[in-house]
Amino acid sequence: MKKSKNLVLTAAALLMVSVGSTYAWFTTSDADTIDISLGDIGVETTLDALSDEEGIDLEPGLTVESTGAISNTGSLYSLVKIEEDSVVTYKGTSEAVAAPEDTISFEVSPENGEYEDWENGVVWYTDENGGMYLLMDPQSTVDLSVEAALKGENLDNSLMGSKISLKVNSHAVQAIEEAVVSEFGIELDSLRPVEESLTRSSSNQAMDHLFEIMGRK
């Protein structure tokens, strides 16, 4: 009887040990990292000032001519949209406001006449609405020829004696298809090389370049 009682106590002790104890397992771990850095985009637009004689007492129907440059100052490919964003300060006022629609017509072109400037890393494209875009290599620059026509048929007497600031706005986004669609609301298929629209000849190199840069993953 005494022996049986000891067996019961031993079984109870073993049960307590198995319930309350933990067991160590062989384990190991390892980790590594990949370090990256993000590039940047930047755009700089400069327009050469007119002389006093060229820039005063202008009248509807005349064309203002100047030069300038657009530079991709960043480390990434960029698509740059060129937009006219001129403002007017009416006579007797001090606040500049947006120039009335369709009163100023801008024409911006490469000063060297090369719309596919592979040497300098700048290719010009246009969309179906006439918008102008530059696909620019990192650290590339294009010299511009700028003509701003004062459209006489739309410049009425309210603009007599006013001051107009002719403004070219360069809006840049990273040259990735998703970014371009989101920022400019255009599909790549809607862009055509400007050289093609001028010469009526195909420019496969320019389109291949567009899709190659935009399709990077």
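What you see is a predicted model; the values in this text were computed from it and never measured. In this numbering scheme, every chain counts its residues from 1 along its sequence in written order. The predicted nature of this model means local features are confined to residues of pLDDT at least 70 and side-chain atom pairs, given and counted, to a pLDDT of 80 or more, with totals for whole chains, interfaces and linings taken over all residues. Side-chain descriptors were evaluated using all non-hydrogen atoms of the structure, hydrogens and water having been removed beforehand.

Description of the packing of aromatic side chains
Then, in step 1: Each Phe, Tyr or Trp ring (for Trp, its six-membered ring) is paired with any other whose centre lies within 6.5 Å, and the angle between the two planes then decides the class: stacked below 30 degrees, edge-to-face above 60, tilted in between. Applying the stated criterion to the full structure yields 2 aromatic pairs.
Then, in step 2: Ring geometry for tyrosine 115 against tryptophan 124: centres 5.5 Å apart, planes inclined by 80°, an arrangement best described as edge-to-face. Comparing tyrosine 115 with tryptophan 124, the two get one shared label, buried. Summary of the burial criterion: residues with accessible area below 20% of their type's maximum are buried, those above 50% are exposed, and those between are partly exposed, where the area comes from a 1.4 Å probe applied to protein chains only.

Concerning the environment of aspartate 40
Then, in step 1: Only DSSP runs of H or I covering at least 4 residues are called helices, and only runs of E covering at least 2 are called strands; the numbering of each starts at the N terminus. For aspartate 40, the position within the fold is in the loop between helix H1 (2-20) and strand E1 (43-47).
Then, in step 2: Between the C-alpha atom of aspartate 40 and that of glutamine 174, which follows or precedes it by 134 residues, the distance is 8.7 Å.
Then, in step 3: The residues contacting aspartate 40, other than those within four sequence positions of it, are Gly74, Ser75 and Leu76. A contact between two residues is defined here by any heavy atoms of the two lying within 4.5 Å.

Observations concerning the nonpolar core
Then, in step 1: Nonpolar cores were defined as sets of buried Ala, Val, Leu, Ile, Met, Phe, Trp, Tyr and Cys residues, with membership established by side-chain atoms within 4.5 Å. Judged by nonpolar contacts, the single largest core of 19 residues is most densely connected at Leu79, Tyr125, Leu135, Val180 and Met214.
Then, in step 2: Residue assignment for this core shows that the elements contributing at least two residues are strand E8 (122-126), strand E9 (132-136), helix H3 (177-184) and helix H5 (204-214).
Then, in step 3: With 5 residues, H5 is the single largest residue contributor to this core.
Then, in step 4: Contacts of leucine 79, omitting those with residues within four sequence positions, involve Tyr133, Leu134, Leu135, His171, Ala172, Val173, Ala175, Val180, Phe184 and Met214.
Then, in step 5: With 15 residues, the next largest nonpolar core counts Val122, Trp124, Leu134 and Met136 among its residues.

Description of H5
Then, in step 1: Buried within H5 are the following residues: Ala206, Met207, His209, Leu210, Ile213 and Met214. Projected down its long axis, H5 carries its buried residues within an arc of 160°, all on one side. Summarising the geometry of H5, the exposed residues directed more than 90 degrees from the buried face are Asn204, Gln205, Asp208 and Glu212.
Then, in step 2: On its buried side, H5 packs onto strand E3 (78-84), strand E7 (116-117), E8, E9, H3 and strand E13 (192-193). Picture the helix axis, draw a direction to every C-beta atom, and the arc is the one those directions span.

Examining the sheet that holds strand E11 (residues 163-165)
Then, in step 1: Think of it this way: DSSP has to see at least two bridges between two strands before they count as a pair. Pairing is antiparallel across the open sheet formed by 3 strands, whose spatial order is E5-E4-E11. The open sheet terminates on both sides in strands that have one partner only, identified here as strand E5 (97-98) and E11.
Then, in step 2: Relative to E11, strand E4 (residues 87-89) runs antiparallel, the two sharing 3 bridges. Bridge pairing links threonine 89 to lysine 163 in E11.

Considering the pattern of salt bridges
Then, in step 1: Here a salt bridge means any side-chain nitrogen of Lys or Arg lying within 4 Å of a carboxyl oxygen belonging to Asp or Glu. Summed over the entire model, instances satisfying the criterion amount to 4 salt bridges.
Then, in step 2: For lysine 167, the salt bridge is made with aspartate 85, and the minimal N-O distance between the two is 3.6 Å. Of this pair, lysine 167 sits in the loop between E11 and strand E12 (168-174) while aspartate 85 is found in the loop between E3 and E4, placing the two residues 82 residues apart along the sequence.
Then, in step 3: Take lysine 167: its relative accessible area is 39%, and that puts it in the partly exposed class.

Topic: the sheet that holds E1
Then, in step 1: Taking strand neighbours across the sheet as the criterion, the 4 strands line up as E1-E2-E10-E6 in an open arrangement whose pairing is antiparallel. Two strands bound the open sheet, and with one partner strand each, they are E1 and strand E6 (104-110). Across this sheet, the average inter-strand angle for adjacent strands is 25°, counted without regard to direction.
Then, in step 2: As paired elements, E6 and strand E10 (residues 141-150) share 7 bridges and run antiparallel to each other. Looking at E10, one finds that phenylalanine 106 is bridged to alanine 148. In this analysis, axes come from line fits to C-alpha atoms, helices being fitted only over the stretch in contact, and the angle between any two N-to-C directions falls in the range 0 to 180 degrees.

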